[in-house]
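Here is how the chains run, residue by residue.
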Amino acid sequence: MPPEKRLMMQSRLASRLKALHLDSYKQYIDYVFSGKDANNNEIIMMIDAMTTNLTEFFREPQHFEFMRNVVLPGYAQQGRGKIKLWSAGCSTGQEPYTLSMVMSEYIRQNPLSSIRDYSVLATDISTKVLDKAASAIYPMDAVTGIPKQIMHQYFLKGKDPAKPAVRLKQEIRDRVNFMRLNFMDDDYGFRDTMQIIFCRNVLIYFDKQNQEKVITQFLRYLEPGGYLFLGHSETIFGMTLPFKTVAPTVFQRI
């Protein structure tokens, strides 16, 4: 963290000092890294307090259009039956649920396509946002920009008028599996090979060396010909990685 983030860090960690009845940040750091917390629960709590989570449904819509118009038809031409997707850095769940809706719509609108099945892995380092994501419940203002047809097809309205909210339908929720993951781990804990990986607006928090390290890790889980989607301000330019650019911030493994 750069020095200008000091006040933000103090503010976000103040609640942890209070919860543990500690008087200073030095005491807190000594406790976190002392080994006294056998299950490393406090490290998880610290990460939850420190992480920033900003997301929305159908964010950067050109990526989903490229999926519908190029990626999925390409896999259908290959006779692919199932597509496996990974939302890496899924935050509170809007991105993986959007992927699930895009896949469901494609299958529904293309009954003759070979693609009839899909699954979405959704990972994040924060247990707090994963719990929120798994509930699939969102305030009404989080879905104001979604087309009415999509709302009707995939969302249920809450019954409490005092707290207007929506929930994704079971058919969309069942296709998404959530898992806690730290990109700095040497082993990500699963062996599936994906056709599509979304990792958007996450790598901006890493230096270039660690950005390349993370994307190199992704290569273990992305099949040749598979697609990597990054955020609008992210790039792999200058990295020696087996990708070609196929659209703005969309890369295909070669």
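We now turn to the structure provided with this report. Just so we're clear, the structure is a prediction, and the values are computed from it rather than from any experiment. (Residues numbered from 1 in each chain as written. Predicted model: local features only at pLDDT ≥ 70, side-chain atom pairs only at ≥ 80, totals over all residues. Heavy atoms only, no water.)

## Some words on the sheet that holds strand S5 (residues 165-168)
- Spatially, three strands are ordered S3-S5-S4 in an open sheet, and the strand pairing comes out antiparallel. Whereas interior strands pair on both sides, the edge strands pair on one side only; in this sheet they are strand S3 (137-139) and strand S4 (155-157). The average undirected angle you get between the axes of adjacent strands in this sheet is 30°.
- By the bridge criterion, three bridges tie S3 to S5 in an arrangement that is antiparallel. (Pairing = 2+ DSSP bridges. Helix = DSSP H or I, 4+ residues; strand = E, 2+ residues; numbered from the N terminus. Axes fitted to C-alpha atoms, helices over the stretch in contact; angles between N-to-C directions.)

## So, the sheet that holds strand S10 (residues 250-253)
- Spatially, seven strands are ordered S6-S2-S1-S7-S8-S10-S9 in an open sheet, and the strand pairing comes out mixed. Each of the sheet's edge strands pairs with one partner strand only, and the pair in question is strand S6 (176-180) and strand S9 (243-247). Direction aside, neighbouring strands of the sheet carry axes that sit 20° apart on average.
- Seen against the sheet, helix H6 (residues 127-135) touches strand S2 (117-124) and S6 and runs at an angle of roughly 165° to S6. (Contact = heavy atoms within 4.5 Å.)

## Concerning the packing of aromatic side chains
- By the definition in use, this model includes 19 aromatic pairs.
- Pairing phenylalanine 57 with tyrosine 138 gives two aromatic rings, centres 5.1 Å apart and planes at 80°, and the pair type is edge-to-face. Highlighted residues: phenylalanine 57 in the loop between helix H3 (41-50) and helix H4 (61-77) and tyrosine 138 in strand S3, separated in sequence by 81 residues. Accessibility assignment for this pair places phenylalanine 57 and tyrosine 138 in one class, buried.
- Here the aromatic rings of tyrosine 188 and tyrosine 221 are separated by 5.6 Å at their centres, their planes lie at 5°, and the arrangement is stacked. With tyrosine 188 in the loop between S6 and strand S7 (194-199) and tyrosine 221 in the loop between helix H9 (208-218) and strand S8 (222-230), this residue pair connects regions lying 33 residues apart in the sequence.
- Judged by relative accessible area, which is 2%, tyrosine 221 ranks as buried.
- The rings of Phe58, Phe64, Phe66, Tyr75, Phe198, Tyr227 and Phe229 are connected pair by pair, giving a single aromatic cluster.
- Positioned over the ring face of tyrosine 118 is arginine 175, at 4.6 Å from the centre of the ring. (Phe/Tyr/Trp six-rings, centres within 6.5 Å; stacked < 30°, edge-to-face > 60°. Buried < 20%, exposed > 50% of the residue type's maximum accessible area, 1.4 Å probe, protein only. Lys NZ or Arg CZ within 6 Å of the ring centre and 35° of its normal.)

## A few points about the packing of helix H1 (residues 6-20) against helix H2 (residues 25-32)
- Running from amino to carboxyl end, H1 crosses H2 at an angle of 75°, the nearest separation of the two axes being 10 Å. One way to sum up the angle between H1 and H2 is to call them roughly perpendicular. Judged by residue contacts, Gln10, Leu13, Ala14, Arg16, Leu17 and Leu20 of H1 engage Tyr25, Tyr28 and Tyr31 from H2.
- A breakdown of the residues in the contact of H1 with H2 according to their chemical character gives seven nonpolar, one polar and one charged. (Parallel < 35°, antiparallel > 145°, perpendicular 65-115°, else oblique. Nonpolar A, V, L, I, M, F, W, Y, C, P; charged D, E, K, R; others polar.)

## Here's the deal with H3
- With seven of ten residues buried, H3 is to be regarded as a mostly interior element.
- All buried positions along H3 are accounted for by Glu42, Ile44, Met46, Ile47, Asp48, Ala49 and Met50.
- Among the structural elements, H1, H2, H6 and S6 are those in contact with the buried residues of H3.

## Quick look at unusual backbone geometry
- Residues other than glycine seldom take positive phi values, yet phenylalanine 58 does so here, at roughly 55°.
- Within the fold, phenylalanine 58 resides in the loop between H3 and H4.
- The phi dihedral of serine 91 falls on the positive side, at around 50°, and the residue is not glycine.
- When you line up the elements, serine 91 lands in the loop between strand S1 (82-88) and helix H5 (94-109).

## A look at the nonpolar core
- Counting 41 residues, the largest nonpolar core has Met67 and Phe155 as the members making the most contacts within it.
- Of all the secondary-structure elements, those providing two or more residues to this core are H4, S1, H5, S2, helix H7 (148-154), S5, S7 and S8.
- Not counting residues up to four positions away in its chain, the partners in contact with phenylalanine 155 are Phe57, Met101, Val143, Ile146, Ile150, Val166, Arg167, Leu168 and Lys169.
- Ranked by size, the runner-up nonpolar core spans 25 residues in total, among them Phe183, Tyr188, Ile215 and Met239. (Core = buried A, V, L, I, M, F, W, Y, C linked by side-chain atoms within 4.5 Å.)

## Describing the state of the cysteines
- Evaluation of the coordinates by the stated rule reveals zero disulfides.
- Between cysteine 90, a free cysteine, and cysteine 199, which holds the nearest cysteine sulfur, the sulfur-to-sulfur gap is 11 Å.
- Residue classification places cysteine 90 among the buried positions, given a relative accessible area of 1%. (Disulfide = S-S within 2.5 Å.)

These figures come from the coordinates and say nothing about function on their own.
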